[in-house]
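Architecture at a glance
This is what each chain is made of:
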2 protein chains.
Amino acid sequence: MYNCALLKFKDIASQDGHLTSIEEKIHVPFKIKRIYYITGVAQNIARGFHAHRRLQQVLICLNGSIKIKVKNPNEEQIIELNNPSVGLYIGPLVWHEMFDFTKKSVLLVVASEHYAGEDYIRDYNHYLTEAKATFAEHPVNPL
Amino acid sequence: MYNCALLKFKDIASQDGHLTSIEEKIHVPFKIKRIYYITGVAQNIARGFHAHRRLQQVLICLNGSIKIKVKNPNEEQIIELNNPSVGLYIGPLVWHEMFDFTKKSVLLVVASEHYAGEDYIRDYNHYLTEAKATFAEHPVNPL
């Protein structure tokens, strides 16, 4: 799907537990400027509901499970994250919503830019207009 | 304690849950080149048992609780991490051990460098020799 991809990270597993390492420009396709994490979300709560103009992110569920809906004017998909060694890459102009956070779930996000309020598109109709204009100018062939 | 500090991050809390954002050079005193996370550690397992020559790291417990023993030739302290908005900064030449991982605990580490095997000091006697030599050359006044 446009500007979305599942990334598989190496899980270094032993009797001592599991370790996953993510290095910038090696395991994610950008320099890491920021990380953030979301915890303590009740199961009936949904978050997100925006797209970014420039930001690239990788979402990883470190405990429990979380569902992510990704959308663009032509496509829509729901992905369940429930494995610390799997990340969901979301690039620019992908509308996304997070929901069905299980109890004690942990969502970690690795981000390519510092926080910038003006990079957010929070109105879905504005998003559709902006995404359609971009897609018309730079046509995307579905994979 | 030498090259150790507790960092408090902003917890953006609402009915939608908790979000904590960590930006490089703003909330941690270095550029983030790598992150790694440790999960699935049994309660009787201890990890770490090394120091670094250059690496700076911030350890954050995102679920459950984890104890960290930090040591140098003159000091020793045990810190319990159990709050996603608190990080333990560990700089160079601090011996550290992690233990008492509770079930489903998640330890996230934000790191200043790519992985480099030669940066590790894994033998405690070597560590003592190297740390004492450095401390003799650059005396540290206890806080």
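See above for the structure.
Here, residues in each chain are numbered from 1, in the same order as that chain's written sequence. Chain letters start at A and ligand numbers start at 1, both assigned in the order the entries are written. In keeping with the predicted nature of the model, local features appear solely for residues at pLDDT of at least 70, side-chain atom pairs appear and are counted solely at 80 or more, and the whole-chain, interface and lining totals rest on all residues. To obtain the side-chain values, all non-hydrogen atoms of the structure were included, while hydrogens and water were left out.

Here we take up the state of the cysteines. For the purposes of this analysis, a disulfide is any pair of cysteine sulfur atoms at a distance within 2.5 Å. This structure, assessed with the given rule, holds zero disulfides over all chains. B:Cys61 provides the cysteine sulfur closest to B:Cys4, a residue in no disulfide bond, and the two sulfurs are 17 Å apart. This cysteine, B:Cys61, is not joined by any disulfide, and A:Cys61 carries the nearest cysteine sulfur, 15 Å off.

Residue and element names in this part refer to chain A. Here a strand is any run of E in DSSP of at least two residues, a helix any run of H or I of at least four, and the numbering for each starts at the N terminus. Structurally, Asp 119 can be placed in the loop between strand E11 (106–111) and strand E12 (120–121). Whenever a nitrogen or oxygen atom comes within 3.5 Å of another N or O atom, the pair is scored as a polar contact, on the condition that within protein one atom can donate a hydrogen and the other can accept it, and that pairs from neighbouring residues in sequence are kept only if both atoms are in side chains. A polar contact of 3.1 Å, which involves the side chain of Asp 119, links it to the side chain of His 52. Separated by 3.3 Å, the side chain of Asp 119 and the backbone nitrogen of Leu 55 make a polar contact. Two residues form a contact once any of their heavy atoms are found within 4.5 Å. For Asp 119, the contacting residues outside a window of four places in its chain are Ala 51, His 52, Arg 53, Arg 54 and Leu 55.

With that settled, consider a positive patch on the surface. A grouping of A:Lys25, A:Lys31, B:Lys25 and B:Lys31 is seen on the molecular surface, where their side chains present a positively charged patch. Within the element layout of this structure, A:Lys25 appears in the loop between strand E3 (17–23) and strand E4 (34–39). The buried label applies to any residue whose accessible area, calculated with a 1.4 Å probe on protein chains only, is under 20% of its type's maximum; exposed applies above 50%, and partly exposed to all values in between. Given the relative accessible area of 59%, A:Lys25 is considered exposed. Grouping into patches uses exposed residues only, defined as over 30% relative accessible area, and leaves out salt-bridged ones; the cut-off is 9 Å for like charges and 5 Å for nonpolar side chains (Val, Leu, Ile, Met, Phe, Trp, Tyr). All accessible areas in this document rest on Shrake-Rupley with a 1.4 Å probe, and a residue is counted as covered only by the protein chains that are shown. Whenever Lys or Arg places a side-chain nitrogen within 4 Å of a carboxyl oxygen from Asp or Glu, that contact is recorded as a salt bridge. Charge counting follows a simple rule: Lys and Arg are positive, Asp and Glu are negative, and His as well as the terminal groups are ignored. Here the site of a charge means NZ on Lys, CZ on Arg, CG on Asp, or CD on Glu.

The next point concerns the sheet that holds strand E2 (residues 12–14) of chain A. What links the strands of a sheet is backbone hydrogen bonding, and the strands pair in either a parallel or an antiparallel sense. Only when DSSP finds a minimum of two bridges between them are two strands counted as paired. The strand order across the open sheet formed by seven strands is E2(A)-E3(A)-E4(B)-E11(B)-E6(B)-E9(B)-E1(B), and the pairing between neighbours is antiparallel. A strand with exactly one partner marks an edge of an open sheet, and here the two such strands are E2 of chain A together with strand E1 (4–8) of chain B. In this sheet, adjacent strand axes meet at a mean angle of 20° when their direction is disregarded. Bridge count for E1(B) against strand E9 (residues 86–90) of chain B is five bridges, and the pairing is antiparallel. Within the sheet, the bridge partner assigned to B:Cys4 lies in E9(B) and is B:Ile90. Interaxial angle, 0 to 180 degrees, is taken between N-to-C directions of lines fitted to C-alpha atoms, where a helix line uses only the stretch in contact.

All names here are of chain B. Under the defined criterion, the tally for this structure stands at 12 salt bridges over all chains. Of the charged contacts, one joins Arg 54 and Asp 119 as a salt bridge, the two residues approaching to 3.9 Å between their closest N and O atoms. Of this pair, Arg 54 sits in the loop between strand E5 (47–52) and strand E6 (57–63) while Asp 119 sits in the loop between strand E11 (106–111) and strand E12 (120–121); the two residues are 65 residues apart in sequence, bridging distant segments of the chain. Since its relative accessible area comes to 49%, Arg 54 is described here as partly exposed.

Once that is clear, we can look at the nonpolar core. Core analysis: the largest hydrophobic core is formed by 31 residues, its most contacted members being A:Leu59, A:Ile68 and A:Val70. Contributing elements (two or more residues each) for this core: E4, strand E6 (57–63), strand E7 (66–71), strand E8 (76–81), strand E9 (86–90), strand E10 (95–99), E11 and helix H1 (124–137) of chain A. Ranked by residues supplied to this core, first place goes to H1(A) with four residues. Each residue touching A:Val70, except ones within four places of it in the same chain, is listed here: A:Met1, A:Cys4, A:Glu75, A:Glu76, A:Gln77, A:Ile79, A:Leu88, A:Ile90, A:Val94, A:Trp95 and A:His96. B:Cys4, B:Ile79, B:Val86 and B:Phe101 belong to the second largest nonpolar core, which has 30 residues in total. Joining through side-chain atoms within 4.5 Å is the link that ties buried Ala, Val, Leu, Ile, Met, Phe, Trp, Tyr and Cys residues into a set, and such a set is a nonpolar core.

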